[in-house]
Amino acid sequence: MSTSGTPPAALIDLADVRKSYNMGLSNEAEVLHGITLQVARGEFLALIGPSGSGKSTLLNIVGLLERMTSGSYHIGGTAVNALDDKALTLLRRDTLGFVFQFHHLLPAFSALENVTMPGLIREGHVSRQQRERARELLAAVGLANAMDKRPSELSGGMQQRVAIARALVFDPPLVLADEPTGNLDTASSDEVFVELRRMHKERGTSFIIVTHDPRLAARCDRLVELVDGKIARDEATARTAPDPGSPVPAPTDTPADRPDGH
Ligand SMILES: Nc1ncnc2c1ncn2[C@@H]1O[C@H](COP(=O)(O)OP(=O)(O)OP(=O)(O)O)[C@@H](O)[C@H]1O
Ligand SMILES: [Mg+2]
């Protein structure tokens, strides 16, 4: 927490973060070589780079799913290094939402039940308020008419939109998405991306999105590129610049931006 007079802490503050796998073994390998990165509240950031460059590893460290080998990491001003597993779990729960390439929806449950599941797990029951919130979120991602459908009855893009709603159910300040459109065709991928941007705009949620799709990366606000476990590029995108080569309309974040027109 910031006190008056001091600037608010960055949401994410990584300094010289390193990660090695197989420590002490003959195949020990350092895969992140000193990452220094700050992400402010409300950013919409693409994390790109070749396969094996360390994107998922970095995202998992930011997501408190993996521990770094050395360096420091503060999230909202809290030093992560000193926390035990229980404290990390609580911090993760209260700060972060996740969207993965494969949505990890529970097949036996409806879209609505999938979105209320985090509340069920957290509190042991689903309150009326939670269910209302889940409905609101599903409606916000264009699924007002699909709440009672099971994942197998939904398209890939719709399933990913359910996963977005689920990631937002506790209004985390930061959502981490690892190739959220990696499994989708271009139209569905656009549909999911538009929802991510909409949630960013409407809720001020920060997003870090790993993507292999340069078209989508260009539609984020900031581009961080990893190459061989190091940051090779970190720059603002030219989102507002005309892009005659791209079939995608300029990302204006208006409802008309939505491929299904809703
Ligand atoms: N659990 C692990 N044990 C050992 N090495 C690992 C482990 N996880 C990742 N690595 C290695 O770390 C490096 C970075 O992997 P990572 O999955 O972060 O890359 P990535 O940029 O996400 O790649 P992709 O685009 O293919 O998803 C790779 O060389 C990978 O083999
Ligand atoms: Mg990866």
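Residues numbered from 1 in each chain as written. Chains lettered and ligands numbered in written order. Predicted model: local features only at pLDDT ≥ 70, side-chain atom pairs only at ≥ 80, totals over all residues.

Novice: What should I look at first to understand the packing of helix α3 (residues 111–123) against helix α5 (residues 156–167) in this one?
Specialist: Axes are the key here: two packed helices are described by the angle between their axes and the distance separating the axes. The interhelical angle for the contact between α3 and α5, taken along N-to-C directions, is 30°, at an axis separation of 8 Å. Classified by the angle between their axes, α3 and α5 sit roughly parallel to one another. In this structure, α3 crosses over α5, and the sense of that crossing is right-handed. Across from A111, N114, V115 and P118 in α3, the residues of α5 making contact are V162, A165 and R166. Here the contact of α3 with α5 is composed, by residue class, of 5 nonpolar, 1 polar and 1 charged. (Axes fitted to C-alpha atoms, helices over the stretch in contact; angles between N-to-C directions. Helix = DSSP H or I, 4+ residues; strand = E, 2+ residues; numbered from the N terminus. Parallel < 35°, antiparallel > 145°, perpendicular 65-115°, else oblique. Left-handed = near helix turned anticlockwise from the far one by under 90°. Contact = placed C-beta atoms within 7 Å. Nonpolar A, V, L, I, M, F, W, Y, C, P; charged D, E, K, R; others polar.)

Novice: Help me understand the sheet that holds strand β3 (residues 44–48) in this model?
Specialist: Hydrogen bonding along the main chain pairs the strands of a sheet, whether they run parallel or antiparallel. The sheet built from 6 strands is open, its strands ordered β6-β7-β8-β3-β9-β10 with mixed pairing. Bordering the open sheet on either side are β6 (96–99) and β10 (230–236), each of which pairs with just one other strand. Ignoring strand direction, the axes of neighbouring strands in this sheet form an average angle of 15°. As defined by bridge partners, β3 adjoins strand β8 (residues 206–210) across 4 bridges and the pair is classed as parallel. Within β8, the position partnered with A46 by the bridge is I209. (Pairing = 2+ DSSP bridges.)

Novice: Help me understand the site of ligand 1 in this model?
Specialist: Close to ligand 1 lie Y21, N22, V31, G49, S51, G52, S53, G54, K55, S56 and T57, which account for all nearby residues. In terms of residue class, the shell around ligand 1 is made up of 2 nonpolar, 8 polar and 1 charged. (Near = placed C-beta within 6 Å.)

Novice: Got a minute to help me understand the environment of Q38 in this structure?
Specialist: In this structure, Q38 sits in strand β2 (residues 29–39). A residue is classified by how many C-beta atoms lie within 10 Å of it, and Q38, with 14 of them, is partly exposed. Distance in space between the C-alpha atoms of Q38 and A15 is 8.4 Å, their sequence separation being 23 residues. Discounting residues that sit within four places of it in the chain, Q38 has contacts with A10, I12 and D13. (Buried ≥ 20, exposed ≤ 12 C-beta atoms within 10 Å, placed from the backbone.)

Novice: Is there a simple way to explain α3 in this structure?
Specialist: For an α-helix the count is 3.6 residues per turn, leaving residues at separations of three or four pointing the same way. End to end, α3 covers 19 Å across 13 residues, agreeing with the expected 18 Å (1.5 Å per residue, within 8%). Within α3, burial applies to A111, L112, N114, V115 and T116. Packing partners of the buried residues in α3 comprise α4 (128–140) and α5. Positive backbone phi, at 85°, marks G124, one or two positions downstream of α3. (Expected span 1.5 Å × (residues − 1).)

Novice: Just checking my understanding: could you explain the sheet that holds strand β5 (residues 78–79) for this structure?
Specialist: Taken in spatial order, the 4 strands line up as β2-β1-β4-β5 in an open sheet, and their pairing is antiparallel. The open sheet has two free edges, formed respectively by β2 and β5, since each of these has just one partner strand. Pairing of strand β1 (residues 12–21) with β2, which is carried by 8 bridges, proceeds in the antiparallel orientation. Bridge pairing links V17 to I35 in β2.

Novice: Explain unusual backbone geometry here, please?
Specialist: Leave glycine aside and you will find that most residues have negative phi; peptide bonds, for their part, are mostly trans. Although it is not a glycine, L64 adopts a positive phi angle of roughly 60°. Within the element layout of this structure, L64 appears in the loop between α1 (55–62) and β4 (70–75). Despite not being glycine, E179 shows a phi value in the positive range, around 50°. In this structure, E179 sits in the loop between β7 (174–178) and α6 (186–203). You can call E179 partly exposed: it has 19 C-beta atoms within 10 Å.

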